[in-house]
Amino acid sequence: ANQAALEQGLVIAAHGRHYLVQAGEQKLNCVTRGKKSDVAVGDHIRLARTSADQGVVESIDERRTLLYRSDQYKSKLLAANVDQLFIVVATEPSFSDDLVSRSLVAAESAGVSAHLILNKTDITEALPKTRERLQVYARLGYPVHEVSAKAQPDETRAAFMPLLAGKSTILIGQSGMGKSSIINLIVPDADIATREISAALDTGKHTTTFTRLYQMEQEASIIDSPGFQEFGLYQLSEGMLERAFRDFTPYLGKCRFYNCHHLNEPGCAVLEAVQAGAIAGMRHQLYAQLVHESSQTLY
Ligand code: GDP
Ligand code: ZN
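Residues numbered from 1 in each chain as written. Chains lettered and ligands numbered in written order. Predicted model: local features only at pLDDT ≥ 70, side-chain atom pairs only at ≥ 80, totals over all residues. Heavy atoms only, no water.

A. Broad picture of the overall build of the protein. Check the secondary structure of the protein and you find eight helices and 13 strands. Its C-alpha atoms give the protein a radius of gyration of 21 Å, near enough to 19 Å, the size a compact globule of 299 residues would have. Pairs at least 24 residues apart make up 64% of the contacts formed inside the protein by residues separated by at least 6 positions. Total accessible area on the protein stands at roughly 14,800 Å², and carbon and sulfur atoms take up 49% of it. Distance between charge centroids for the protein: 3 Å, based on 30 positive and 34 negative side chains. (Helix = DSSP H or I, 4+ residues; strand = E, 2+ residues; numbered from the N terminus. Rg over C-alpha atoms; globule rule 2.2 N^0.38 Å. Contact = heavy atoms within 4.5 Å. Areas by Shrake-Rupley, 256 points an atom, 1.4 Å probe, with all protein chains shown as cover. Lys, Arg positive; Asp, Glu negative; His and termini not counted. Charge placed at Lys NZ, Arg CZ, Asp CG, Glu CD.)

Here it is, written out as structure tokens:
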């Protein structure tokens, strides 16, 4: 197509091979050519208009960052051009350290910064224990923000606003942590916007199972993804994996063998750090598990 005739747009929702694209003041229902579905929410694209409210995606602008979903999803791309990942956890119900660490690995390897949001601090009985559990992440330098979406909505909104300004933020969380409550606090028209998107993409009345992006004031955008997004980590090489574990960094290059896998080799500086308690055992277990998972996909 003639590049000059193309319009610019921002992908704000994806459902199968249909994409809702914000082009100026308008929202267009766009498709890709052929069977390709390599467009992600957050992508800046060039489109050719085919009708007043429809278009075809002709090209995707270069991405700053890209997050992948796990294998089980049809579309492998979760979101593009995300600056920061907020992982919502709560005092109650209990959260999974495995899922938190997997999300941190996904963020590190994509060059996306990661924050933990501890919601429901009003449940004071469970607060000390939860804070203690989050120490391992705080010590690695991941900011932990304490909020209470339900008990302190104004304070919660005020805590989020400066963190969001000028950035594209994706929120994830296991069910029950309060992610929807938080989204509804910081995006006042989230429900209306979701219904509009659903209608425009014809997703069916009761489907909210699509990733969507909300544009807000101060150049901020918020991406909400339904369910807990299991990140795709299978595409990470072993070298990328070891670098995605911040706690390993001081020990890399100090193992006896230059090609050490940090699994059971003698003279492994990483394993010695685990033994000494400088690296949490659960972090190394996850690393070993991810090495195992990625080798399963390769061979
Ligand atoms: P989601 O599944 O992560 O989207 O969680 P929801 O936003 O639906 O919240 C799950 C439950 O936790 C609901 O019953 C909320 O009312 C409750 N909840 C959300 N935020 C808070 C909070 O700050 N304190 C307390 N006590 N409950 C909360
Ligand atoms: Zn090693």
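B. The site of ligand 1, seen in detail. Among the 15 residues in the neighbourhood of ligand 1, the closest are listed as Asp 122, Gly 176, Lys 179, Ser 180 and Ser 181. Contact with the protein chains covers 71% of the free accessible surface of ligand 1, which is 580 Å². Counting residues per element, the shell around ligand 1 draws most heavily on helix H4 (residues 179-186), at three residues. A class-by-class count of the residues in the shell around ligand 1 yields three nonpolar, eight polar and four charged. (Near = heavy atom within 4 Å. Nonpolar A, V, L, I, M, F, W, Y, C, P; charged D, E, K, R; others polar.)

C. Structural detail: the packing of aromatic side chains. Counting across every chain of the model gives four aromatic pairs. Note on Phe 245 and Phe 248: the rings are 5.0 Å apart at their centroids and 20° apart in plane angle, and the pair reads as stacked. A relative accessible area of 0% places Phe 245 in the buried class. Here Phe 248 and Tyr 287 contribute two aromatic rings whose centre-to-centre distance is 5.1 Å and whose plane-to-plane angle is 70°, an arrangement assigned as edge-to-face. With Phe 248 in the loop between helix H6 (238-244) and helix H7 (269-275) and Tyr 287 in helix H8 (residues 281-298), the pair connects residues that are 39 residues apart, well separated along the chain. Using a relative accessible area of 0% as the deciding quantity, one classes Phe 248 as buried. Linked through ring pairs, Phe 245, Phe 248 and Tyr 287 together constitute an aromatic cluster. Geometry around Phe 210 places Arg 212 over its ring, the cationic atom sitting 5.1 Å from the centre. If you follow Arg 246 out to its NZ or CZ, it ends over the ring of Tyr 142, 4.0 Å from the centre. (Phe/Tyr/Trp six-rings, centres within 6.5 Å; stacked < 30°, edge-to-face > 60°. Buried < 20%, exposed > 50% of the residue type's maximum accessible area, 1.4 Å probe, protein only. Lys NZ or Arg CZ within 6 Å of the ring centre and 35° of its normal.)

D. Up close: the coordination of the zinc ion (ligand 2). Distances from the zinc ion (ligand 2) to its protein donors, namely Cys 255 (SG), Cys 260 (SG), His 262 (ND1) and Cys 268 (SG), fall within the range 2.1 to 2.4 Å. For the zinc ion (ligand 2), all donor residues lie on one chain, and their spacing in sequence is C-x4-C-x1-H-x5-C. With respect to burial, Cys 255 and His 262 carry one shared label: buried. (Donors = N, O, S within 2.8 Å, 3.2 Å for Na, K, Ca; no water.)

E. Seen up close, unusual backbone geometry. Geometrically, the link from Glu 92 to Pro 93 is a cis peptide bond, its omega value of -5° lying close to zero. By the element assignment, Pro 93 lies in the loop between strand E8 (84-90) and helix H1 (97-110). One non-glycine residue, Gln 218, lies in the positive phi region at around 60°. With respect to the helices and strands, Gln 218 occurs in the loop between strand E12 (212-215) and strand E13 (221-224). A residue is classified by how much of its surface remains accessible, and Gln 218, at 55% relative accessible area, is exposed.

F. Main features of helix H2 (residues 127-139). When the terminal C-alpha atoms of H2 are compared, their 18 Å separation across 13 residues agrees well with the 18 Å that a helix rising 1.5 Å per residue should span. The sharpest bend along H2 comes to roughly 35°, located at Arg 133. Listing the buried residues of H2 in full gives Leu 127, Thr 130, Leu 134, Val 136 and Tyr 137. Looking one or two places after H2, you find Gly 141, whose phi comes out positive at around 95°. (Expected span 1.5 Å × (residues − 1). Bend = angle between axes of the 7 residues up to and from the residue.)

G. Main features of the nonpolar core. Ranked by internal contacts, the top residues of the largest apolar core, which has 85 residues, are Ile 170, Ile 182 and Ile 222. Excluding residues within four positions of it along the chain, Ile 222 makes contact with Leu 164, Thr 169, Leu 171, Ile 183, Ile 186, Val 187, Arg 212, Leu 213, Tyr 214 and Met 216. (Core = buried A, V, L, I, M, F, W, Y, C linked by side-chain atoms within 4.5 Å.)

H. Quick look at the pattern of salt bridges. For the structure on display, the rule yields 14 salt bridges. Ionic pairing is found between Asp 97 and Arg 133, a salt bridge with its closest N-O pair at 2.9 Å. In this pair, Asp 97 sits in helix H1 while Arg 133 sits in helix H2, placing the two residues 36 residues apart along the sequence. Judged by relative accessible area, which is 18%, Asp 97 ranks as buried. Look at Arg 133 and you get partly exposed, because its relative accessible area is 23%. (Salt bridge = Lys/Arg side-chain N within 4 Å of Asp/Glu carboxyl O.)

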